[in-house]
Amino acid sequence: MPAPPPTVLQVLPALGAGGVERGTLEIARALVEAGGRALVASAGGPLVPALEAGGARHIRLPLDRKNPAALLAGAAALGRVVREEGVGIVHARSRFPAWSALMAARATGVHFVTTYHGTYNEDFPGKRLYNSVMARGERVIAISEHIAALVRARHGVGPDRLRVIPRGVDPARFDPAAVEPARVAALCRAWNLPAGRPVVLLPGRLTRWKGQAVLLRALSLMPEPRPVVVLAGDAQGREAYRAELEALAAGAEVRFPGPVEDMPAALLLADLVIHASTDAEAFGRTVIEAQAMGRPVIASDLGGPRETVEEGVTGWRVPPGDPPALAEAMAHALSLREEARAAMGRASRAAVLARYTTRAMQEATLAVYRELT
């Protein structure tokens, strides 16, 4: 039986809703379950109660501030936490607080790990240097092969430090057999979905690069009767973009339900799930969530979905930002017989269970921690 992991301090700006934050909670829970101590430093947020319910401890620090004084204050505060709590590993998950975390780790002599969560643009001078903190860990975790290739090319990180650990999905929560029909029926009523019409779902916050506009333009190219489209995500203040989407949706059956709490039920009611991002996703967790629910998926052919969507087997890939290609793919997917759709659903779920579970991600991360102790 492996020894308990060391005390690990994960560092990020805040505990809001998002993939980075969810991954933080999942690793904290794994540490506790393995007999270790899990600490998380952030400015707080709605996920703090869930973190603490899993046995981890939250340490509130203003790590969401971005200025030189905050950088130095964060380093000093994190250094105190490391010394007082007997931390063995500092694990940074976001760039600005990662600089504070790196300074604290060096000052205290403890191990430093990073997770490279995004593609991190380099659109002004000095940005590569700023981003490089995420490649300075004794171990650098890339969340996909796409990100690993980027880290190797930009920062020269070799196989001695680089570890690829894909994101994961909880197959017990995202399980078609575990979703009661009443949950699906409740969403159908809430969204006023017409009976007998196929439903196309795009989960994701309403922001231009997520491709909602691409999907609506593709919808306009499809013959009647067209499917109902559900754009499930929060506008997060982007009201001008939402208004643009509503204009594109004029005359079509399009729903804007906002953020969805019961995503397993939402995925199960969908006949087709769309990933239409126009920029490369670092991973794209919504794709594997849909696959775990046995749903056919059409994804943009760039970034992480190139690894998770096997063409014609677990879904289809289309060129990003190409409404005609997406319209053609949707028409093909929705024309499939039920037996073919069911076979693809089984293949999709099997692929997720084999490679992309939360447990696999947790175990691989704990293995990285044990490499350093």
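Structural notes, computed from the coordinates. This one's a predicted model, so the numbers in the text were calculated from it and none came from an experiment.

## Some points on the sheet that holds strand E7 (residues 162-164)
- Sheet architecture is open: 7 strands sit in the order E3-E2-E1-E4-E5-E6-E7, paired in parallel fashion. Bordering the open sheet on either side are strand E3 (57-60) and E7, each of which pairs with just one other strand. Neighbour to neighbour, the strand axes of the sheet diverge by 25° on average, direction disregarded.
- For strand E5 (residues 111-116) and strand E6 (residues 139-142), the ladder comprises 4 bridges, and the chain directions are parallel. Residue Thr115 lies in a different strand from E6, and its bridge partner there is Ile141.
- Relative to strand E1 (residues 8-11), helix H3 (residues 68-85) is tilted by about 160°, and along the sheet it contacts E1, strand E2 (38-42), E3 and strand E4 (89-92).
- Its contacts with the sheet place helix H4 (residues 95-108) against E1, E4 and E5, and it is angled at close to 160° to E5.

## Some points on the packing of aromatic side chains
- Scanning the entire structure with this criterion turns up 2 aromatic pairs.
- Ring geometry for Tyr116 against Tyr120: centres 4.8 Å apart, planes inclined by 50°, an arrangement best described as tilted.

## What about the nonpolar core?
- If you look at the biggest cluster of nonpolar residues, it comprises 68 residues, and the most contacted ones within it are Leu9, Leu78, Val90, Tyr116, Val151, Trp191 and Leu267.
- In terms of residue count, H4 provides more of this core than any other element does, 6 residues in total.
- Beyond its immediate sequence surroundings of up to four residues, Leu78 is in contact with Leu9, Val11, Ala41, Leu61, Leu63, Ser100, Ala101 and Ala104.
- Counting residues in hydrophobic clusters, the runner-up holds 31 residues, among them Tyr241, Ile298, Trp316 and Ala333.

## Digging into the pattern of salt bridges
- Inspection of the entire model under this criterion finds 22 salt bridges.
- The salt bridge involving Glu26 is made with Arg285; its shortest N-O contact spans 3.4 Å. Within this pair, whereas Glu26 is found in helix H1 (residues 19-33), its partner Arg285 is found in helix H11 (residues 285-292), the two being separated by 259 residues in sequence. The two residues Glu26 and Arg285 agree in class, both being buried.
- A salt bridge links Glu180 to Arg183, with the nearest nitrogen and oxygen atoms 3.0 Å apart.
- Glu180 sits in the partly exposed class, given a relative accessible area of 43%.
- One salt-bridge network, in which partners are shared between bridges, spans Arg29, Glu33 and Arg359.

## Points about the environment of Cys188
- Here Cys188 shows up in helix H7 (residues 181-190).
- Take Cys188: its relative accessible area is 28%, and that puts it in the partly exposed class.
- For the pair formed by Cys188 and Ala265, sequence separation is 77 residues and the distance between their alpha carbons is 9.8 Å.
- If we ignore the near neighbours within four places in the chain, the residues touching Cys188 are Leu193 and Leu269.

## Section: helix H15 (residues 358-371)
- For H15, built from 14 residues, the straight-helix expectation of 20 Å at 1.5 Å per residue is met to within 8% by its first-to-last C-alpha distance of 20 Å.
- Regarding H15, the residues found buried are Thr358, Met361, Gln362, Thr365, Leu366, Val368 and Tyr369. Down the axis of H15, the smallest arc covering the buried residues is 150°, so these residues share one side.
- On its buried side, H15 packs onto E1, H1, E4, E6 and E7.

## Points about the side chain of Lys210
- Residue position: Lys210 is located in the loop between strand E8 (199-203) and helix H8 (212-220).
- Accessibility expressed as a relative area gives 13% for Lys210, which makes it buried.
- Engagement of the side chain of Lys210 in a polar contact is seen with the side chain of Glu281, the distance being 2.9 Å.
- Contacts of Lys210, omitting those with residues within four sequence positions, involve Leu202, Arg205, Ala276, Ser277 and Glu281.

## Examining the pairing of E5
- Across the 6 residues that make up E5, a large majority, 5, are buried.
- As defined by bridge partners, E4 adjoins E5 across 4 bridges and the pair is classed as parallel. By the bridge assignment, Ala92 is partnered in E5 with Thr114.
- The β-α-β motif built from E4, the intervening H4 and the parallel element E5 has right-handed crossover chirality.

## With respect to the side chain of Ser348
- Within the secondary structure, Ser348 sits in helix H14 (residues 338-355).
- Judged by relative accessible area, which is 0%, Ser348 ranks as buried.
- Within the structure, the side chain of Ser348 is placed 3.3 Å from the backbone oxygen of Thr314, a separation counted as a polar contact.
- If we ignore the near neighbours within four places in the chain, the residues touching Ser348 are Gln291 and Thr314.

## Section: the sheet that holds strand E12 (residues 297-300)
- With respect to topology, 6 strands assemble into an open sheet ordered E10-E9-E8-E11-E12-E13, the strand pairing being parallel. Of all the strands in the sheet, just strand E10 (254-255) and strand E13 (316-318) have a single pairing partner and so form its edges.
- Of the strand pairs in this sheet, strand E9 (residues 228-232) and E10 are connected by 2 bridges, and their pairing is parallel. Note on E10: the bridge partner recorded for Val230 is Arg255.

Quick notes on the rules
Sequence positions are assigned chain by chain, starting from 1 and proceeding in written order. Note on the predicted model: pLDDT of at least 70 is required for a residue's local features to be given, and 80 or more for side-chain atom pairs to be given and counted; whole-chain, interface and lining totals, by contrast, use all residues. Side-chain calculation: all heavy atoms of the structure are included, whereas hydrogens and water are not. For two strands to pair, DSSP has to find at least two bridges joining them. Working definition: helices are DSSP H or I runs of at least four residues, strands are E runs of at least two. Numbering for both runs from the N terminus. Lines are fitted to the C-alpha atoms to define the axes, a helix being fitted only along its stretch in contact, and any angle between axes, read from their N-to-C directions, falls within 0 to 180 degrees. In what follows, residue pairs with any heavy atoms lying within 4.5 Å of each other are defined as contacts. Pairing of aromatic rings covers Phe, Tyr and Trp, the last through its six-membered ring, and needs centres within 6.5 Å; plane angles under 30 degrees mean stacked, over 60 mean edge-to-face, and all others mean tilted. By nonpolar core is meant a set of buried Ala, Val, Leu, Ile, Met, Phe, Trp, Tyr and Cys residues that side-chain atoms within 4.5 Å join together. Partly exposed describes any residue whose relative accessible area lies between the buried limit of under 20% and the exposed limit of over 50%, with all areas from a 1.4 Å probe on protein chains only and scaled to the type maximum. A side-chain nitrogen of Lys or Arg and a carboxyl oxygen of Asp or Glu constitute a salt bridge if their distance falls within 4 Å. To estimate the expected span of a helix, count its residues, drop one, and scale the result by 1.5 Å. Think of the arc as the fan of directions from the helix axis to the C-beta atoms. Two N or O atoms count as a polar contact when they lie within 3.5 Å, although within protein this holds only if one can serve as hydrogen donor and the other as acceptor, and sequence-adjacent residues are included solely when both atoms are side-chain atoms. Handedness is read with the strands pointing away from the viewer; a crossover is right-handed when the path from the first strand over the helix to the second is clockwise.

So yeah, pure geometry; function would need other evidence.
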